[in-house]
Amino acid sequence: MKSASRVKLVPTILLVIGALYSLAPIIWLVFASTKGAGELFTTFSGFPSFNGGFSENVSALNSYGGGRFWKWTLNSLIYAGGGAFLTVLVSAACGYAMAKYKFTGQKVILGSLLAGVLVPGITLSIPQYLLLSSTGLVGTYWSVILPSVISPYSIYLCQVYAAASIPDEMLEAGRVDGASEFRMLWSIGLPVMMPGLVTVFLLQFIGIWNNFLLPYIMLANDDRFPLTVGLYSLLNRGASQPALYTLVITGALISIIPIFALFLFLQRYWKLDLVAGGVKG
């Protein structure tokens with residue numbers, strides 16, 4: 001019994017070590033944000049400061065550039081929220097169609113999607129810039145939102161989820177009742193696919209929120225920067241003004257809060273038994 005308990009204890013210890021390793025950067029970020037500019041490089045980084053540094057950093061960040069940090073935050077919400085929402089609409093329609101209809105070239109399209117999943121998004125930034133530059137959209141909000149709307153991984157995920165979660169009997173019953181194909185997608189497909197769509201929205205939101213290279217290439221006006229590019233520009237200015245480092249650290253900590261809030265809000269929509277009992281045998 002003792003040997004069996006020890007065997008079970010080893011995975012637990014490894015998981016705890018892995019969790020601490022993953023949380024270490026966030027813990028450091030929390031501690032560092034409590035320190036003023038004079039304490040950041042002169043005190044031990046493993047302990048927080050209780051000299052009011054955090055409130056001073058938040059106040060300085062709030063007043064920097066006339067509230068530019070909050071403008072960057074709003075931009076990130078627009079890019080991530082708008083891009084994720086449009087991605088969900090496109091991916092849901094495409095995934096549903098590929099899962100529930102048979103048409104010529106279906107296997108070719110599915111193979112192209114799988115190939116697109118394997119292509120790193122960073123390799124597409126320059127071609128996307130050239131394409132949007134030819135249409136005059138570079139420097140606008142659409143230059144960041146549009147490239148994220150078509151996501152091969154999101155379409156493939158919706159296709160897999162639709163194929164597994166939407167019974168053909170429900171669609172046949174809808175057709176017997178005279179429902180149009182669009183009505184079945186809206187009234188039958190989307191509600192059943194909701195857990196999968198929430199997953200797509202969350203993954204896409206986080207991906208766009210953390211994206212740096214695409215907005216860095218597309219945008220030149222700092223009033224349209226997202227948080228990633230804005231904090232990067234602030235960090236570069238910190239080379240000549242060390243006091244700005246504390247603002248970057250505090251801004252990075254605050255930028256995590258929307259991700260946590262979104263995850264906590266959306267997790268209630270992950271229900272495995274959403275269609276339990278929906279089809280009677």
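The structure presented is a predicted model; accordingly, all values stated were derived computationally and were not measured.

About the criteria used
- Residues numbered from 1 in each chain as written.
- Predicted model: local features only at pLDDT ≥ 70, side-chain atom pairs only at ≥ 80, totals over all residues.
- Heavy atoms only, no water.
- Core = buried A, V, L, I, M, F, W, Y, C linked by side-chain atoms within 4.5 Å.
- Buried < 20%, exposed > 50% of the residue type's maximum accessible area, 1.4 Å probe, protein only.
- Helix = DSSP H or I, 4+ residues; strand = E, 2+ residues; numbered from the N terminus.
- Contact = heavy atoms within 4.5 Å.
- Arc of directions from axis to C-beta.
- 1 Å grid on protein atoms, 1.4 Å probe; cavity = no way out; pocket = protein on both sides within 12 Å on 5 of 7 lines; lining within 4 Å.
- Points joined across faces, edges and corners; volume = space filled by probe spheres on them.
- Nonpolar A, V, L, I, M, F, W, Y, C, P; charged D, E, K, R; others polar.

Asks: Is there a simple way to explain the nonpolar core in this structure?
Replies: Nonpolar side chains in soluble globular proteins generally cluster together in the buried interior. Within the largest apolar cluster, 31 residues are counted, with the highest numbers of intra-cluster contacts made by Phe-69, Phe-205 and Leu-234. At the level of secondary structure, the elements contributing two or more residues to this core comprise α4 (68-100), α7 (142-149), α11 (194-210), α12 (213-218), α13 (227-237) and α14 (244-266). Among the elements that take part in this core, α14 stands out by supplying seven residues, more than any other. Sequence-distant contacts of Phe-69, that is, excluding residues within four places in its chain, are made with Leu-61, Tyr-64, Leu-227, Leu-231, Gly-251 and Ile-254. Within the second largest apolar cluster, 16 residues are counted, among which are Ala-92, Tyr-96, Ile-166 and Leu-190.

Asks: Any chance you could explain helix α6 (residues 125-135) here in plain terms?
Replies: Quick reminder: α-helices carry 3.6 residues per turn. Residues three or four places apart thus point the same way. Those residues of α6 lying buried are Ser-125, Gln-128 and Leu-132. The buried residues of α6 occupy an angular sector of 60° when projected down its axis, which confines them to one face. Of the exposed residues in α6, the ones pointing more than 90 degrees away from its buried face are Leu-130, Leu-131 and Ser-134. If you follow the buried residues of α6, they end up packed against α7 and α12. Looking at the residues trailing α6, positive phi occurs at Gly-136, about 80°.

Asks: What is the right way to look at the layout of surface pockets in this model?
Replies: Taking a probe equal in size to a water molecule and rolling it over the atoms shows the remaining empty space. In this structure, the largest pocket occupies an estimated 700 Å³ of space. Contributing to the lining of the largest pocket are 29 residues, with Gly-121, Pro-147, Ser-148, Gln-204 and Asn-211 lying nearest its centre. For the lining of the largest pocket, the secondary structure elements donating two or more residues are α4, α5 (106-118), α6, α7, α8 (152-165), α11 and α12. A total of five residues in the lining of the largest pocket trace back to one element, the largest contributor, which is α11. Residue classes in the lining of the largest pocket are distributed as 18 nonpolar, eleven polar and no charged. Volume-wise, the second largest pocket comes out at about 210 Å³. In terms of lining residues, the second largest pocket is bounded by Phe-85, Val-88, Leu-89, Ala-92, Trp-186, Leu-190, Met-194, Leu-197, Val-198, Phe-201 and Leu-266. Looking at the lining of the second largest pocket, the elements that each hand over two or more residues are α4, α10 (181-192) and α11. Split into classes, the residues belonging to the lining of the second largest pocket amount to eleven nonpolar, no polar and no charged.

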